[in-house]
Amino acid sequence: MFSERLTQLRDFTQQRQYQQFRTEIDNHYTKLLDKADYNFVQRSAFILKEMCQTEDAVVFPDERISFIRTKQNIPFYFKPKNIEKEFGKKKGVVYDTFHNICPDYEILLTNGLEKLREEVLSERKKTKKRSEKIFLDSVASSILAVLQLAEKYHKAALIANNQEVADLFNRVPRYPAQTFHEGLQAIRFVSAALYLADTYQLGFGRMDQYLYPLYENDIKTGKISREEAKELLAEFFISLNKDTDLYRGVQQGDNGQSVMLGGCKPADGTSAVNDLTYLILEVSKDLKLIDPKINLRIDSNTPDDLLELGCELTKCGLGFPQYSNDEVVIPALVKKGYSLEDARNYTVAACWEFIIPGKGMEVVNQGAVSFPYAVDIAFEKCMQKNNSFNIDTFRKLIKQNIKEQVKKIISNRDIRTLPCPFASVFFHDSIQQRKDASQCAKYNNIGIHGAGSANGADALIAILKTFETKGFSGLKELLTAKNANFKGYEKLRTYLQDEMPKVGNADTDADNELKFLFDCFADVADELSNKHKKIRAGSGSAMFYVWLVDPNMTWAFEPKVNATADGRLSGEALSTSLAPSHGIKVNGVLSVLKSYSVIDYSRIMNGGPITIELSPSVFHSEDGIKKLAQLIKYFVKVGNQQLQLNVLDASVLEEAIAHPEKHRNLIVRVWGWSGYFTELAPVYQQHVLNRHKYTL
Amino acid sequence: MTNGIVFDIKEFALNDGPGIRVTVFLKGCPLTCKWCHNPESQKHQPETNQKTNRLCGKIYTPSELAEHLRQFQDVFAFSEGGITFSGGEPTLQADFLMETLSLLTDIHTTLDTCGYCESSKFLKIAQAVNLVYFDLKLADDTLHQKYTGMSNRLILENLKMLDEHNIPLHIRIPLIPTITDTADNLNGLFNIIKSLKHSPIRIDLLPYNICAGGKYENYGMTYELTTIPNEPNQTSVQHFYEQLTQNNFNVMKG
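None of these values were measured; they are calculated from a predicted model.

Chemist: Outline the overall build of chain A, listing residues and values.
Modeler: In terms of regular secondary structure, chain A is built from 29 helices and 16 strands. In terms of C-alpha radius of gyration, chain A reaches 26 Å, essentially the compact-globule figure of 26 Å for 696 residues. Projected onto the principal axes, the alpha-carbon positions of chain A cover approximately 80 × 60 × 50 Å. Across the 696 residues that make up chain A, the buried fraction comes to 63%. In chain A, 79% of the contacts between residues at least 6 apart in sequence involve partners at least 24 apart. With the model as given, the accessible surface of chain A reaches about 24,900 Å², and the carbon-plus-sulfur share is 49%. For chain A, the distance from the average position of its 88 positive side-chain charges to the average position of its 87 negative side-chain charges is 6 Å.

Rendered as structure tokens:
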């Protein structure tokens, strides 16, 4: 499939051999910075420069795309008091560096850093404002530092007798990329440099779009063949799997290196699918590595063979591609105030949140609403009144609690992004406005997850049905049973689990409650939005599927819920994003897709996929791939938004828990990202295992 | 109206016909194949899974079942899929099946059958569906009785009858190690297939499911085939495959 050389590179990366080149940086820089009267822009530029200067250049004789991170740590370059002094201290305001967003690498490829630096310098001449001068100086010095590191790589390549890499670094990232190979090296190098500037979870955006002109030109002029391009792309992907243990995330693997493929062209909305779309999928399928995580934008006209290729990748069990339905996503973005052209250019952040490369500085993961909690607390409150239960009050209280939860997330975890002059280069109009992208990007909205929706809706319908059939006394029994964690009420619990309507079974009653919860959430998001900061309600869960049920997770203030009226026991995890509650009898995947089509995705638009665990036997059957592709078409047809298909045998996971040493490279989807199973904390391992026990 | 007993409805069933399909498993079977991997399908009446304590077998009226299935009409239409009736043996509930089919005439339907059914009823059902998946197991009647509990005479007559009426047909042969995969048996089956006037659309060779015995205990039953090999006899199966393909039969190895 791939050459011996690539296989060796892949093994080198998978065995984490790149770690042998690592050393620590001491913190003397911090002392220097302590004395300096720098603002954050300057601090960011300073630390990037120091990192670039201390990085050792490592080039291997036989590699064709270079860069390895050699410095283990980024030294402290600011203290809370620095932030306080510059930005003031406000309760609930949290500062973080650039993360969970997507730079526009087209800016890099078409300009090159040299020209971008010239633009910075020309702007510098035009301004007299001190803050603007500081910003532009910091951008210029950041670019210079990165170019010097590139120069170091050029020399190291010469020493390693690797003329090809030496030539590459002679050209990129300084000048516009002229070949596909140069484009790949430029992106590898600059994306790694962005991490040196203390950013994290940066996506790659629409790689099949911005690389295509280079690829097309190389193919047309006969510079490379499709096979050679594939080999280069494979080496590029391997390189993205290096250093990832140094990247920040909730768990290993949660590093945000997502790629978006397919979709439409921003200018006219026509199909953007090209040969590179296919090539990238093919390479990902052949390599079977965690990074980059592949996303595919689809619509009713997506070619069958592309969908089938996507299914071939699904078959590898990496948990991607993740599919997004353009027909639903683009109008929703427009409705939220995104320009049509920008909306057509969307990609995803680290997991599934729809953002615009180089234009969105949104905090897409500011917190999560717990639907099960909202239903539970409303139920408790309603039952405090003697002998009467009012459904309207119950519904009002649910909505009221959702509003309280959202308000709390906005005020108690107001995440603001700290400046990063180097990253700002890849955001539109930052240089022209002479402001850091964190202060002038076009879109600055807030995303909030809607977690545990299936459990929430199942609990809600169980309460309503109990009231309908057994009246107030039935509700009292349900309340007592629930609060006893169903101890002594096992029969009732089985009844709740087996006989009550459930989300995922295309049951109108349950699905209506699912829609009700999300409508409440969307209303609340609208009410609490303002012109500059809109709230994007989502359907994802992220790590909240375990955080929201564990009272020990004290660092997240989101309310924790005990046993719920759907029969879920205290401590049992919520289902992930959009998936039926764990352990219930599900009719099947067609019903699941139907159930979730009731959500108004024009308002629930922060992302969060329908998540389906498929049995590997799907692929053992006649036309399995073709039929799976048809299933994805059905997902589009019924108007769903996002889809994640995971294929794994639960017994393999059990075996990996027992013998982690034998399964170091086993990859699973954890939520919006894939990671090595054995590197996950046990609580996440268990969640993944439980999901795969209920394949459809 | 006749009620029916259904023990499972599987959405996105992949091996039961063209396109995206939903398969309805009707409860009850005249045969008791020793390799049956759905032991809960054999008795007609609902029964309790002793492990989960959940009842297996749900009663439907034809219109309830048709209505349930019709919700997927859109997916059937664009994927050129449809509904498959399997079991157990669906023709055991012939009246219920016919009534349900009469409510689904605009949807592609497949009958998955062991062929053991009173002939006039069988023909009516076969004519009411778009495609028949017909199982052939053992050519020798004595062996057939030994391993399935019933004679194969009626089954073979029915096959001949469908052939004469030129009903679109797949023949499915389960390859059970040491039982149906023997050279003698496969030769016998070949002769049966060869004698048909119309070539079946396809002949499917189905691998033995080594997990077949898994569910017996849950229903208070015993799985007898615990000592047969996991894999069918490669030599005889390969010979059979070649025999069929050389005679221009369309064969699929599962």
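Chemist: So what's going on with the interface of chain B and chain A? Residues and values would help.
Modeler: Residue-level contacts link 21 residues of chain B with 21 residues of chain A. Taken over both partners, the interface formed by chain B and chain A buries close to 1,900 Å², and the fraction arising from carbon and sulfur atoms is 57%. Here chain B is connected to chain A by two salt bridges.

Chemist: Can you explain the environment of Cys36 of chain B? Please cite residues and give values.
Modeler: Along the chain, Cys36 of chain B turns up in the loop between β2 (21-26) and β3 (47-48). Distance from Cys36 of chain B to Asp141 of chain B, taken between C-alpha atoms, is 18 Å for residues 105 residues apart in sequence.

Chemist: Describe the sheet that holds strand β9 (residues 363-370) of chain A, listing the residues and the values that go with them.
Modeler: Paired through their backbone hydrogen bonds, the strands of a sheet run either parallel or antiparallel. All names here are of chain A. Taken in spatial order, the three strands of this open sheet run β9-β11-β12, and their pairing is parallel. Only two strands of the sheet have a single neighbouring strand rather than two, namely β9 and β12 (535-537). Across the sheet, the axes of successive neighbouring strands diverge by a mean angle of 30°, strand direction being ignored. For strand β11 (residues 446-451) and β12, the ladder comprises three bridges, and the chain directions are parallel. Within β12, the residue paired with Gly447 across the bridge is Arg536. Most of the contacts of helix α17 (residues 371-382) go to β9, to which it runs at about 30°, and overall it touches β9 and β11.

Chemist: Go over the side chain of Lys627 of chain A with me, naming the residues and quoting the values.
Modeler: Along the polypeptide, Lys627 of chain A turns up in helix α27 (residues 624-637). From its side chain, Lys627 of chain A meets the backbone oxygen of Gly17 of chain B in a polar contact 2.7 Å long.

Chemist: I'd like a description of the pairing of β11 of chain A, backed by residues and values.
Modeler: A regular strand places its side chains so that they alternate between the two faces of the sheet. Residues and elements named next belong to chain A. Burial within β11 is extensive, with six of its six residues counted as buried. Here β11 shows a buried face lined by Ile446, Ile448 and Gly450 and a second buried face lined by Gly447, His449 and Ala451. With five bridges joining them, β9 and β11 adopt parallel strand pairing. Bridged to Ser370 within β11 is Ala451.

Chemist: Please set out the domain arrangement of chain A residue by residue, giving values where relevant.
Modeler: Residue and element names in this part refer to chain A. Annotation of chain A at the domain level lists domain 1 (4-355) and domain 2 (364-611). Here domain 1 and domain 2 have C-alpha centroids that lie 33 Å from each other. Across the boundary between the two partners, domain 1 contributes 61 residues, which contact 51 residues of domain 2. Summed over both sides, the interface of domain 1 with domain 2 buries roughly 4,600 Å², with 69% coming from carbon and sulfur. Sorting the residues of domain 1 by area buried against domain 2 places Phe98, Lys336 and Trp352 first, and these three jointly supply 18% of that buried surface. One can count four salt bridges joining domain 1 with domain 2. Broken down by element, the residue count for the side of domain 1 that touches domain 2 peaks at eight residues, all from helix α7 (residues 130-159). Tallied by class, residues from the side of domain 1 that touches domain 2 come to 37 nonpolar, twelve polar and twelve charged.

Basis of the calculations
Residues numbered from 1 in each chain as written. Chains lettered and ligands numbered in written order. Predicted model: local features only at pLDDT ≥ 70, side-chain atom pairs only at ≥ 80, totals over all residues. Heavy atoms only, no water. Helix = DSSP H or I, 4+ residues; strand = E, 2+ residues; numbered from the N terminus. Rg over C-alpha atoms; globule rule 2.2 N^0.38 Å. Buried < 20%, exposed > 50% of the residue type's maximum accessible area, 1.4 Å probe, protein only. Contact = heavy atoms within 4.5 Å. Areas by Shrake-Rupley, 256 points an atom, 1.4 Å probe, with all protein chains shown as cover. Lys, Arg positive; Asp, Glu negative; His and termini not counted. Charge placed at Lys NZ, Arg CZ, Asp CG, Glu CD. Buried area = accessible area lost by both parts, 1.4 Å probe. Salt bridge = Lys/Arg side-chain N within 4 Å of Asp/Glu carboxyl O. Pairing = 2+ DSSP bridges. Axes fitted to C-alpha atoms, helices over the stretch in contact; angles between N-to-C directions. Polar contact = N/O pair within 3.5 Å; in protein donor to acceptor, adjacent residues only side chain to side chain. Domains from an automatic or database assignment. Nonpolar A, V, L, I, M, F, W, Y, C, P; charged D, E, K, R; others polar.

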